[in-house]
Amino acid sequence: DIFQASFSRNRFSELLSYVRFDDMSTREERKQKEKFCAFREIFIAFALECRTHYYPCNHLTVDAALVAFRGKCPFWVYMKSKPARYGIKIWAICDVESSYAFNLQVYTGKEGFTEKNQGYRVVMDLTSPLGTEYGITMDNFFTSVPLAKANKG
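Conventions and cut-offs
- Residues numbered from 1 in each chain as written.
- Predicted model: local features only at pLDDT ≥ 70, side-chain atom pairs only at ≥ 80, totals over all residues.
- Heavy atoms only, no water.
- Phe/Tyr/Trp six-rings, centres within 6.5 Å; stacked < 30°, edge-to-face > 60°.
- Helix = DSSP H or I, 4+ residues; strand = E, 2+ residues; numbered from the N terminus.
- Buried < 20%, exposed > 50% of the residue type's maximum accessible area, 1.4 Å probe, protein only.
- Lys NZ or Arg CZ within 6 Å of the ring centre and 35° of its normal.
- Lys, Arg positive; Asp, Glu negative; His and termini not counted.
- Salt bridge = Lys/Arg side-chain N within 4 Å of Asp/Glu carboxyl O.
- Contact = heavy atoms within 4.5 Å.

Draft legend 1. Region of the structure containing the packing of aromatic side chains. The tally for this structure, following the rule as stated, stands at 10 aromatic pairs. Taken together, a centroid distance of 5.5 Å and an interplanar angle of 85° make the contact between Phe36 and Phe75 edge-to-face. With Phe36 in the loop between α3 (24–33) and α4 (40–52) and Phe75 in the loop between β1 (59–68) and β2 (77–78), this pair connects stretches of sequence that are 39 residues apart. A single burial state applies to Phe36 and to Phe75, both of which are buried. Judged by centre distance (5.6 Å) and plane angle (80°), the rings of Trp91 and Phe142 are edge-to-face. Taken together, the residues span a long stretch of sequence, with Trp91 in strand β3 (residues 86–95) and Phe142 in the loop between β5 (135–138) and α6 (145–149) at a distance of 51 residues. Here Trp91 falls in the buried class, since its relative accessible area comes to 1%. Residue Phe142 is classed as buried on the basis of its relative accessible area, which comes to 1%. Here a set of aromatic residues connected by ring pairs shows up, and it is made of Trp91, Tyr107, Phe141 and Phe142. The ring of Tyr107 has Lys89 lying over it, and the distance from NZ or CZ to the ring centre is 5.2 Å.

Below, the structure written as structure tokens:
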């Protein structure tokens, strides 16, 4: 109610059209190298704030979340098993007790090659800021022999 009282939908749309998260003058050059260039800096800053201002309990879980989206995006995915089906896939490690996201990573799709051991890489990337005193729960996509052999201590 407070947002509706602040300004109209048309005014919100107008203000939203002025919002930019990156430098438009270098976007085309960066877009050739990276699909996520328009939002990379703001997303990394957000993920850093999640890690900086929250101390998770000893039990965490790693999973993929699908943020519903059908707009123009070079890395949106289709996941038949999800309710939304179309959207942006985000890898997340979350606190089991509060469901707070401790670390996040956007899946930008294949970069011209098939990634082997993707589940291993994702878990290692997401858990890199953590110490060894955490229990991590994950589903069978992430589970692998190399991950079981990995020793962070």
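Draft legend 2. Broad picture of the side chain of Lys89. Mapped onto the elements of the fold, Lys89 is located in strand β3. The side chain of Lys89 sits in the buried core without any salt bridge; Asp63 is the nearest counter-charge, 8.4 Å away. When neighbours within four sequence positions are excluded, Lys89 is seen to be in contact with Ala64, Ala65, Leu66, Val77, Met79, Gln105, Val106 and Tyr107.

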